[in-house]
Amino acid sequence: MVNLKFWFLLAILSVFLCKSSAVESDAIESVLRRLHSKEAPPIVQESAAKGVLQRLLPAHLHSFEFKIVSKDLCGGRSCFRITNYKVSSRNSPEILIQGTTAVEITSGLHWYLKYRCGAHISWDKTGGVQLASVPKPGSLPLVKQMELTIQRPVPWNYYQNVVTSSYSFVWWDWQRWEKEIDWMTLPGINLPLAFTGQEAIWQKVFLDYNITTQDLNDFFGGPAFLAWARMGNLHAWGGPLSQNWLNIQLALQKQILSRMRELGMTPVLPSFSGNVPAALKKIFPSANITRLGDWNTVNGDPRWCCTFLLAPSDPLFIEIGEAFIRKQIEEYGDITDIYNCDTFNENTPPTDDPTYIHLSALLCTKQCQKQITMRCWLNARVWLFYSDSKYWKSPQMEALLHSVPRGKMIVLDLFADVKPIWKSSSQFYGTPYIWCMLHNFGGNIEMYGVLDAVASGPIDARTSENSTMVGVGMCMEGIEHNPVVYELMSEMAFREDNFQLQGWLKSYSHRRYGKVNDQIQAAWDILYHTIYNCTDGIADHNKDYIVEFPDWDPSGKTGTDISGTDSSSQNRMQKLAGFQWNRRFLFFEKSSSLPKPRLWYSTEDVFQALQLFIDALKKLSGSLTYRYDLVDLSRQSLSKLANQVYLDAISAFRREDAKPLNQHSPKFLPLLQDIDRLLAADDNFLLGTWLENCPQNLAMNSDEKKQYEWNARTQITMWFDNTKYNQSQLHDYANKFWSGLLEAYYLPRASIYFELLSKSLKEKVDFKLEEWRKEWIAYSNKWQESTELYPVKAQGDALAIATALFEKYFS
């Protein structure tokens, strides 16, 4: 999560690299060879690739032949080769796909389906697959020039953010995980995080240190907040974890790892970062254990805040770290050399002495050396270099990056799509890195992207002078949105040279909807130049008033807020824009005459694109991908319109003009209801499915069911703790445009606000900000505790509703 004070810091991947680029290259090849030795046998991988094909195109199972080949046939690199099958008998395969691993084979299958058959594959919740354009078995198109070979320009294609496990994966069962792994393997992801089930391993480790189950109840977070408990941001919030949860997650992790290994992926497992239960300090009173500061609680509540960190220099650190690695190997086998280790975790180190930083990172590597024969990787996620840029100057950066012999670390340039660090750090002072796209925060639903940067950034970085880039990656906080961004980014794992992006987008729209349509292509040209051409450098964009209602006194008066702190104009605007003084919001605009959510494009142009989408309705009405995009674009357009309605109402209030206030205020609530009605007509935008999945998939009894639903409801609303008059500092961080949530949660909150707004103007009294907070916080707490059901199936005709709403608001 790049969540208000959160950012995960050090993750470690340790390679035997040396100073010279030649030796460095040899070292990477050495690591790749060792990882290759851990892969499943070719026959297992070929079978796993066949399994992906069978689940995707069962009728074409015998149309393709898959074969694992050595890198020697690919110029020494990972690649896939697509050829026409030479045997011409009636029942023989039509297409032969060879690859150095199963991931390469399935990548070749995906490439063939895209560029020879016009097919499209995205997450189910973003429209799913478009396979109608794939010819029937026996009629598949031949490969031009008899053979197509595509090499990876860099070895690794990385996937996931450490918080994706909480924002998107938390309620998944194996059926959903199997779909995700299939999706991962088709675009060639070969280096995924694998964090599921680690609490069960920690339980085994800490029990050996006489840490009781009750102690761990105070250590582990609840299911929807595990990512932040793992990183030492919080403890116990949303918990405890039942033994049922621990057992289910451990069994699920074994299934996940088994499938990843069968497909030739290299999973990235967790390692020990120093985050320990409070009880460890009592058991080992002489250990160097420090209590950290508060992380985003309202008032420093010790029930949730201020976790305990065991210093890397303490001998117990290496001992616990080795025990954790050893337990994972006992459970999963010796399946990877790659372990993630989060340190500092957006907590500034106690000193800026480079020696301290150097020693801390160096000792982090020691925990896995004994267990995996000196071949552990340390991977530093360099969000810290810009999230705390006042601290991380050149001496501190170099001390961290060179904490092991130079070149023995790979870093993730986590936010390279917007804030590339490789350009300003001398290519990480010689340290190999992976160019990553972050893109999404909190799993918010917002059409947004920087397509030009995605299409050119990895190529520019790789071909730059003295480049140390060794991979590309996707590090979004939440998934299942903006399919165009993720298709383009995943394709960069195989793109060697620059290409014409507008031509690619034409091809994309053709594949996504299965037809060439002039209106749609014109619409996508507009979207490319507007929504998907964001260059403002802002870290987050979904601040629409519907889902993140401003918490401020609309009178704009200076003075003191209810906590007694000074509320200068700038501070009010900061709160109203949603940013606190922490690293999460470094890139936000710091002042404004009125609170304005980020808007980086012309809404008039996007309304024109929406008109073009509606014009194409008759020809594309049968397409689920078209339906999803139309609903999403309509939602986005209506939410921007609601922003303006809100601003008009506030302007009238500040002028003390009741008539326009009473004209604008009533428009906001119906807009919200209309958006809810639109989203209710599409299965992909329903609150009910999020709430249904948590107890249905995982709860064993009524207590677990109630706890899991509270976790699910709380994460997407208040997120963290609150008091009677102070909402969580993270409220609405993980907001969602979901039907049910709009009508049941966002609508009552806005209604209370506008009623008080009108009342204060009518009675000529100050706006009762404290009263509003009290009412909506109480409502939020009640809603989080409730268990009412919401629809899990779409209701209504989304296309007809979208058309009617366009006529109502934009014609």
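Remember, predicted model here, so these are calculated numbers, not experimental data. (Residues numbered from 1 in each chain as written. Predicted model: local features only at pLDDT ≥ 70, side-chain atom pairs only at ≥ 80, totals over all residues. Heavy atoms only, no water.)

For the rest of this paragraph, the subject is the overall build of the protein. What the protein contains, in helices and strands, is 29 helices and 20 strands. Counting every position in the protein, which comprises 811 residues, the buried fraction comes to 65%. Sequence separation of at least 24 residues holds for 79% of the intrachain contacts in the protein that already meet a minimum separation of 6. If you sum the accessible surface of the protein, you get close to 29300 Å²; carbon and sulfur atoms cover 51% of it. (Helix = DSSP H or I, 4+ residues; strand = E, 2+ residues; numbered from the N terminus. Buried < 20%, exposed > 50% of the residue type's maximum accessible area, 1.4 Å probe, protein only. Contact = heavy atoms within 4.5 Å. Areas by Shrake-Rupley, 256 points an atom, 1.4 Å probe, with all protein chains shown as cover.)

Okay, the confidence of the model for the protein next. Confidence along the protein averages 86 in pLDDT terms, with 83% of residues attaining 70 or more. The model gives residues 1–20 a pLDDT under 50, and that stretch makes 133 contacts with residues more than four places away or in other chains. (pLDDT = per-residue confidence, 0-100.)

We now examine the packing of helix α16 (residues 451–463) against helix α17 (residues 483–491). Contact pair α16 / α17: the axes reach a minimum separation of 9 Å and the direction vectors enclose 5°. Viewed along their axes, α16 and α17 adopt a mutual orientation that is roughly parallel. Contacts from Leu451, Val454, Ala455 and Pro458 of α16 reach α17 at Val485, Leu488 and Met489. (Axes fitted to C-alpha atoms, helices over the stretch in contact; angles between N-to-C directions. Parallel < 35°, antiparallel > 145°, perpendicular 65-115°, else oblique.)

Now for the sheet that holds strand β11 (residues 275–276). Judged by pairing direction, the sheet is antiparallel, and its 3 strands sit side by side in the order β11-β13-β12 without closing on themselves. Looking at which strands have only one partner, the edges of the open sheet turn out to be β11 and β12 (289–291). Two elements, β12 and strand β13 (residues 308–310), share 3 bridges in a ladder whose sense is antiparallel. Residue pairing across strands places Arg291 opposite Phe308, the latter belonging to β13. (Pairing = 2+ DSSP bridges.)

An ideal rise of 1.5 Å per residue puts 26 Å on 18 residues; helix α11 (residues 315–332) measures up with 26 Å between its terminal C-alpha atoms. Where α11 is concerned, the buried positions are Leu316, Phe317, Ile318, Ile320, Gly321, Glu322, Ala323, Phe324, Ile325, Gln328, Ile329 and Tyr332. At the N-terminal end of α11, a side-chain oxygen is found 2.8 Å from the backbone nitrogen of Leu316, two or three residues along, and the residue is Asp314. Immediately downstream of α11, the backbone of Gly333 shows phi near 90°, a positive value. (Expected span 1.5 Å × (residues − 1). Polar contact = N/O pair within 3.5 Å; in protein donor to acceptor, adjacent residues only side chain to side chain.)

So, on to the pairing of strand β3 (residues 79–84). Of all 6 residues in β3, 6 are buried; the element is thus mostly enclosed. Examined bridge by bridge, β3 and strand β7 (residues 147–151) share 5 bridges and lie antiparallel to one another. By the bridge assignment for β7, Thr83 is matched with Glu147. Pairing geometry for β3 and strand β4 (residues 95–99), over 5 bridges, is antiparallel. Considered in β4, the bridge of Phe80 is made with Gly99.

One pass over the structure, following the stated rule, counts 36 salt bridges. The salt bridge partner of Arg81 is Glu147, with a shortest N-O separation of 3.1 Å. Pair noted here: Arg81 is in strand β3 and Glu147 is in strand β7, with a separation of 66 residues, a long-range link. Given a relative accessible area of 36%, Glu147 falls into the partly exposed group. (Salt bridge = Lys/Arg side-chain N within 4 Å of Asp/Glu carboxyl O.)

Strand order in the open sheet formed by 4 strands is β2-β4-β3-β7, with mixed pairing between adjacent strands. Edge positions in the sheet fall to β2 (64–68) and β7, since each of these pairs with one other strand and no more. Here the strands of the sheet are splayed against their neighbours by 15° on average, with no regard to which way each runs.

This part covers the state of the cysteines. Applying the stated criterion across every chain yields a total of 2 disulfides. For Cys74, the disulfide goes to Cys79, at an S-S distance of 1.9 Å. Between Cys74 and Cys79 the disulfide shows an S-S torsion of about -45°. By sign, it is left-handed. Judged on exposure class, the residue Cys74 and its partner Cys79 are both buried. Residue Cys305 pairs covalently with Cys306 via a disulfide, S to S 2.3 Å. Between Cys305 and Cys306, the S-S dihedral sits near -70°, and the bridge is therefore left-handed. Relative accessible area serves as the criterion here: at 15%, Cys306 is assigned to the buried category. Free cysteine Cys436: the closest other cysteine sulfur is in Cys475, separated by 3.6 Å. Taking relative accessible area as the criterion, Cys475 reaches 0% and is therefore assigned buried. (Disulfide = S-S within 2.5 Å.)

So, about α16. In this model α16 runs 19 Å from its N-terminal to its C-terminal C-alpha over 13 residues, within 8% of the 18 Å that 1.5 Å per residue would give. In the structure, α16 departs most strongly from a straight axis at Gly457, where the bend amounts to approximately 35° and where the proline Pro458 lies between one and four residues downstream. Looking at α16, one finds that the buried residues are Leu451, Ala453, Val454, Ala455, Gly457, Pro458, Ile459, Ala461 and Arg462. (Bend = angle between axes of the 7 residues up to and from the residue.)

Scanning the model with the defined rule gives 63 aromatic pairs in all. With a centroid separation of 5.0 Å and 50° between ring planes, the pair formed by Trp111 and Tyr115 is classed as tilted. Taken together, the positions of Trp111 and Tyr115, both in helix α3 (residues 102–115) and 4 residues apart, correspond to about one turn of that helix. Owing to a relative accessible area of 29%, Tyr115 belongs among the partly exposed residues under this scheme. Here Trp237 and Phe720 contribute two aromatic rings whose centre-to-centre distance is 5.2 Å and whose plane-to-plane angle is 80°, an arrangement assigned as edge-to-face. With Trp237 in the loop between α8 (226–230) and α9 (243–262) and Phe720 in the loop between α26 (702–715) and α27 (741–762), this pair connects stretches of sequence that are 483 residues apart. Judged by its relative accessible area of 8%, Trp237 is buried. (Phe/Tyr/Trp six-rings, centres within 6.5 Å; stacked < 30°, edge-to-face > 60°.)

Okay, the side chain of Glu480 next. Secondary-structure assignment places Glu480 in the loop between β18 (469–474) and α17. Owing to a relative accessible area of 17%, Glu480 belongs among the buried residues under this scheme. At 2.8 Å, the side chain of Glu480 forms a polar contact with the side chain of Arg176. Aside from chain neighbours lying at most four places away, what touches Glu480 is Trp123, Lys125, Thr126, Trp172, Arg176 and Tyr628.

Counting through the fold element by element, Asn643 comes out in helix α23 (residues 624–654). A residue is classified by how much of its surface remains accessible, and Asn643, at 7% relative accessible area, is buried. Asn643 has contacts with Asp544, Tyr545 and Pro597, leaving out every residue within four places of it along the chain.

A general trend in soluble globular proteins is that nonpolar side chains are found buried together. With 252 residues, the main nonpolar core has Phe668 and Trp719 as its most contacted residues. Examining the composition of this core, we find that 14 residues originate from one element, α23, more than from any other. Setting aside anything within four residues of it in sequence, one finds Phe668 in contact with Tyr545, Ile546, Phe549, Ala642, Val645, Tyr646, Ala750 and Phe754. (Core = buried A, V, L, I, M, F, W, Y, C linked by side-chain atoms within 4.5 Å.)

For residues besides glycine, phi is generally negative; the peptide bonds are generally trans as well. Here the bond from Gly239 into Pro240 is cis, since omega is 5°, no more than 30 degrees from zero. One can find Pro240 in the loop between α8 and α9. Even without being a glycine, Asn296 presents a positive backbone phi close to 70°. Turning to its location among the elements, Asn296 is positioned in the loop between β12 and β13. Residue Asp732 is not a glycine yet carries a positive backbone phi of 70°. Take Asp732: it is sitting in the loop between α26 and α27.

On to the environment of Asn190. Relative to the helices and strands, Asn190 is located in the loop between α5 (174–185) and β9 (191–192). With relative accessibility at 11%, the residue Asn190 sits in the buried group. Taking the C-alpha atoms as reference points, Asn190 and Met265, separated by 75 residues in sequence, lie 4.5 Å from one another. Among residues more than four places away in sequence, those in contact with Asn190 are Val103, Arg152, Pro155, Trp156, Asn157, Met265 and Thr266. A polar contact of 3.0 Å, which involves the side chain of Asn190, links it to the backbone oxygen of Pro155.

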